[in-house]
Amino acid sequence: MTIREHADQTEKKFGIRAVDIHKWIDGFFDAESFELFIKGKTGVDFNPYEHRRYRHCREALKEAYQEFQSKYSKDQIKAVFESHLKDDYNGYIPCRNDFENGLFREKYHERGDFQDKVLTSVELSEYFKGKNYQISNKNKQKTDFKFLLRIILPVLIALVLFLGTGLIFIIPVYYDIMMNNKKILIKELVNTAASSISYYIQEEKNHNLTRQEAQKMAHLEVEKMRYGVDGKDYFFITDMHPFMIMHPYRNDLVGEDLNHYKDSEDKSGKKIFVEFVKIVKNYQEGYLEYCWQWMDDTDQKALKLSYVKGIPEWNWIIGTGIYINDIEEEINAFTDKLLLVFSIISLMICLALFYVIMQSKKIETNRQYFELGLIEAKNRYRALVESANEGYILEIGGEHVYSNHTLQRLLDYNEEELTELKLFDLLDKVYPANLDPKEYLTKLYQSFVEPKKFEARLITKGGYPIDLIISVSNLFFSQKNGHVISFREKQQNKEHIFSRLAHFPLLKSSFNSKQDHSVLNIQSIVKNIIESNESTQIIKLLNQLPQQVSHMLNTGLDPQIIRSYVNESYQAASQKFIEIAVKALGQPPVKFCFFALGSSARGEMTLFSDQDNALVYQDVSVANKNEVEKYFLKLSSNVNQNLDQAGFHICPGGLVASNSKWCLTLSHWQALFQDWFEAMNPEAFLKINVFADTKYVYGNQELLINLQENFRNYSQNNTPFFNLYVNNSLLYKVPMNLLGGIKTDKKKKKKNINIKACLKPLEIGSRIYALKNEITATSTSDRLYALLNKKKISSNLYQNSIYAFYYLWNLRFYNQIILNADLEKLNDELDLSRLSEIEVENLKTVLNQIQNFQNRLNSDFIGRVRI
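Keep in mind the model is a prediction, meaning the values are calculated, not measured.

S.K.: Is there a simple way to explain the packing of aromatic side chains in this structure?
M.R.: Within a pair of aromatic rings, the relevant descriptors are the distance that separates the centres and the angle that separates the planes. The full count for this structure, using the stated rule, is 45 aromatic pairs. Ring geometry for Y199 against Y200: centres 5.1 Å apart, planes inclined by 80 degrees, an arrangement best described as edge-to-face. Relative accessible area serves as the criterion here: at 10%, Y200 is assigned to the buried category. Residue placement shows K74 over the ring face of Y65; its charged tip is 4.9 Å from the ring centre. The residue whose ring lies beneath R457 is Y431, and the NZ or CZ to ring-centre distance is 3.9 Å.

Structural data, given as structure tokens:
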């Protein structure tokens with residue numbers, strides 16, 4: 001729909017046209033490129049709908065509020081925004097992830113007459129249940145004149161281009177190559193002869209010979225020099241007058257004044273030897289083309305190319321030349337061979353064309369076989385789904401249209417019964433952990449939900465509970481949207497974390513042979529990432545990390561070493577993805593810097609960390625802002641998508657450079673920093689916590705340094721800021737009760753603590769100390785070490801704090817590895833029932849130490865000790 005049509009709709013519905021909001025939603029639309037796309041003049045990689053990912057999604061509503069809050073009410077902005085998107089997407093409001101879904105793009109961006117070609121939801125249900133659809137035989141394709149013309153004309157054009165390329169391009173290029181090679185040859189020959197003369201010049205200088213003796217011996221030696229066919233190619237010597245000093249075939253010219261000797265074939269009367277003198281005077285050496293007798297035959301003339309070089313000590317000129325007709329003979333021979341090859345290839349193409357024409361007559365007959373093959377492929381696909389180890393339900397428009405036998409066996413219901421039931425009806429109603437799944441599944445049948453993976457306990461038809469891992473994926477059809485829901489029986493993990501950790505010491509100073517091999521393997525991954533120039537290859541390399549990390553853990557390698565390699569791999573991949581994106585999009589319009597945030601900036605990523613990043617670019621004029629912003633959003637989107645495919649998923653909070661909120665000019669960033677430091681409210685401190693940890697990834701590092709200095713300037717000598725910052729950091733409580741026990745979350749009848757939350761006080765506290773003491777290190781461990789060196793903390797506090805940090809980080813790392821191995825949802829929740837008594841006691845000690853660190857922080861900045 002056009003902007004006018006959208007405005008008409010909102011005026012009719014809500015009484016406001018809000019053209020500015022509609023223009024903002026389509027703000028990144030590239031009208032010029034779209035016109036070229038319609039005319040078929042853009043490249044195959046051009047996507048006319050690429051702009052939609054930025055503002056055609058529900059995440060952009062918050063930006064719309066900020067943009068138009070001074071002109072419209074919040075309800076008006078929401079109404080116009082949702083109306084625009086629903087008009088474009090048949091009543092559906094996409095999320096940003098939908099634009100990565102192939103079926104979504106196929107339905108909304110590539111459909112054309114797609115709706116008339118796909119099965120309806122009813123037909124789809126019958127399709128999965130085995131009903132065959134016979135395709136009618138009407139509109140059979142015939143090999144008429146137009147069909148033949150479409151085949152023959154492109155081939156004829158290709159043949160003409162093929163022959164033209166040979167005659168117009170290849171032969172001239174070959175001629176130039178031959179001529180250059182000949183030039184190099186005669187130049188090297190003259191240099192060789194000149195070096196012989198240099199010998200006699202040196203003899204004269206050493207007073208071993210007089211000049212007359214030296215010159216005589218030199219020209220006699222050069223006169224004897226021969227090369228080429230039958231040894232008839234020669235050298236000649238003149239002086240700078242010019243007089244002929246030596247010419248093996250023209251003794252009649254020796255001693256003669258050559259000032260008036262002309263090229264008999266040159267109409268302009270070129271004075272050959274005078275031209276040689278000019279070349280040597282001006283350039284010391286060079287080439288000249290002229291006519292000369294054919295070798296020793298004075299009656300035959302031929303075009304010749306000579307190279308001459310000055311001998312300044314004696315005012316001599318030495319030269320030699322080649323006959324150009326030699327090159328022309330070679331070119332003619334090459335041309336004959338080339339034409340023969342082209343003729344054979346053209347004949348083969350004609351035979352292939354004839355074969356294609358003959359085969360076209362069989363297309364109609366073969367099409368009927370293809371129809372049968374399609375039906376067979378459908379049956380095979382259905383058999384594959386039926387034989388899968390996982391259960392599946394296909395849901396469209398709130399109805400089950402298909403369920404496979406695996407699920408029917410798991411739940412003991414037949415297909416008809418599952419069609420009538422809803423999944424939330426099968427949930428165990430007394431199982432506390434089913435509250436969230438019930439809410440999610442209820443929404444699933446009422447509307448379109450985002451993909452999710454979760455655990456739930458279902459009750460079979462016989463009344464037995466069964467724990468399942470359920471995954472939901474989105475499907476987009478012509479008439480309705482739907483979901484594919486998969487079910488896998490959960491494998492209960494009976495091992496304690498401590499028993500798994502028993503093989504992993506906290507610190508190791510040396511490697512055994514197996515560990516050496518593991519380190520070499522992951523170093524090879526990093527090296528291959530750096531050397532790779534293809535995104536798909538880098539993604540494949542990063543996808544090898546989990547297997548390599550698992551192997552490294554099994555060898556007992558220190559997790560901190562593994563952490564460094566994970567972070568190194570992430571950094572290298574980020575840089576290569578940006579290089580590839582820049583190569584695809586063209587040179588950036590202005591200087592920019594892509595930088596990492598959060599755990600990736602601190603070098604504290606686990607294998608399952610999200611990616612956090614942002615981008616800063618030079619200030620631009622208002623007129624160019626849209627185009628420049630569009631370029632960097634596209635670049636960032638490419639990088640974020642590739643990292644996401646490689647396992648470093650996009651931050652759920654949208655803290656990535658492809659989000660226009662975090663892809664800004666330098667002055668815009670500086671204004672944001674000023675706003676945060678002036679506001680100093682909880683929301684501002686959340687952002688300060690994120691952007692205090694930055695690390696250069698790619699681009700102009702000066703831009704990031706400028707940002708970092710600007711950020712630190714706001715905090716320097718800002719006592720109110722540090723007081724509020726410390727108070728804010730103390731909101732992150734250590735989960736300990738007054739009796740010294742560990743506080744746990746018992747919502748799901750599990751004794752859980754959030755390990756990441758336990759690390760927060762150390763992470764934020766070291767950040768506060770670093771800002772206060774102008775420490776530029778970003779990692780928590782480096783900050784603590786810098787504080788120790790500056791004597792801001794005691795050695796005892798440092799040792800205890802660094803031990804607590806490494807211990808909790810390692811515990812978090814192992815917990816994620818175990819959850820992943822058990823196919824559980826990845827998070828930072830640690831079930832204390834999985835720990836042994838010794839581990840629980842050790843954890844208490846570590847948490848107490850973090851409390852001590854918080855007390856020290858509070859005492860240093862605010863002057864009181866927390867109880």
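Having seen the model, we can carry on.
S.K.: Honestly, a nonpolar patch on the surface in this entry has me stumped. Any pointers?
M.R.: On the surface, a nonpolar cluster with roughly 400 Å² of combined accessible area is contributed by I168, F169, V173 and I177. Here V173 is to be found in helix α9 (residues 145-205).

S.K.: Sorry if this is basic, but what is going on with the sheet that holds strand β4 (residues 297-311) here?
M.R.: Taken in spatial order, the five strands make up an open sheet running β2-β1-β5-β4-β3, and their pairing is antiparallel. The sheet is open, and its two edges are formed by β2 (244-246) and β3 (285-294), each paired on a single side. The mean inter-strand angle of the sheet, taken between neighbouring strand axes irrespective of direction, is 35 degrees. In this sheet, strand β5 (residues 316-323) lies alongside strand β1 (residues 235-239) in antiparallel orientation, the contact comprising five bridges. Note on β5: the bridge partner recorded for F236 is G319. Sheet contacts for helix α10 (residues 211-224): β1, β2 and β5; angle to β5, the most-contacted strand, approximately 5 degrees. Across the sheet, helix α11 (residues 272-283) touches β1, β2, β3, β4 and β5, and the angle it forms with β3 is around 170 degrees.

S.K.: Before we go on, may I ask you to explain the sheet that holds strand β7 (residues 399-403) in this structure?
M.R.: Within a beta sheet, neighbouring strands are joined by backbone hydrogen bonds and run either parallel or antiparallel to one another. With respect to topology, five strands assemble into an open sheet ordered β7-β6-β10-β9-β8, the strand pairing being antiparallel. The sheet terminates laterally at β7 and β8 (452-459), the two strands that pair on one side only. Neighbour-to-neighbour, the strand axes of the sheet open up by a mean angle of 30 degrees, direction not taken into account. One ladder, built from nine bridges, connects strand β9 (residues 465-476) with strand β10 (residues 481-489); its direction is antiparallel. Bridging across to β10, S473 finds its partner in V484. Strands β6 (391-396), β7, β8, β9 and β10 of the sheet are contacted by helix α17 (residues 435-446), whose axis makes an angle of about 105 degrees with β8.

The rules behind these values
- Residues numbered from 1 in each chain as written.
- Predicted model: local features only at pLDDT ≥ 70, side-chain atom pairs only at ≥ 80, totals over all residues.
- Heavy atoms only, no water.
- Phe/Tyr/Trp six-rings, centres within 6.5 Å; stacked < 30°, edge-to-face > 60°.
- Buried < 20%, exposed > 50% of the residue type's maximum accessible area, 1.4 Å probe, protein only.
- Lys NZ or Arg CZ within 6 Å of the ring centre and 35° of its normal.
- Patch = residues over 30% accessible without salt bridge, like charges linked within 9 Å, V, L, I, M, F, W, Y side chains within 5 Å.
- Areas by Shrake-Rupley, 256 points an atom, 1.4 Å probe, with all protein chains shown as cover.
- Salt bridge = Lys/Arg side-chain N within 4 Å of Asp/Glu carboxyl O.
- Helix = DSSP H or I, 4+ residues; strand = E, 2+ residues; numbered from the N terminus.
- Pairing = 2+ DSSP bridges.
- Axes fitted to C-alpha atoms, helices over the stretch in contact; angles between N-to-C directions.
- Contact = heavy atoms within 4.5 Å.

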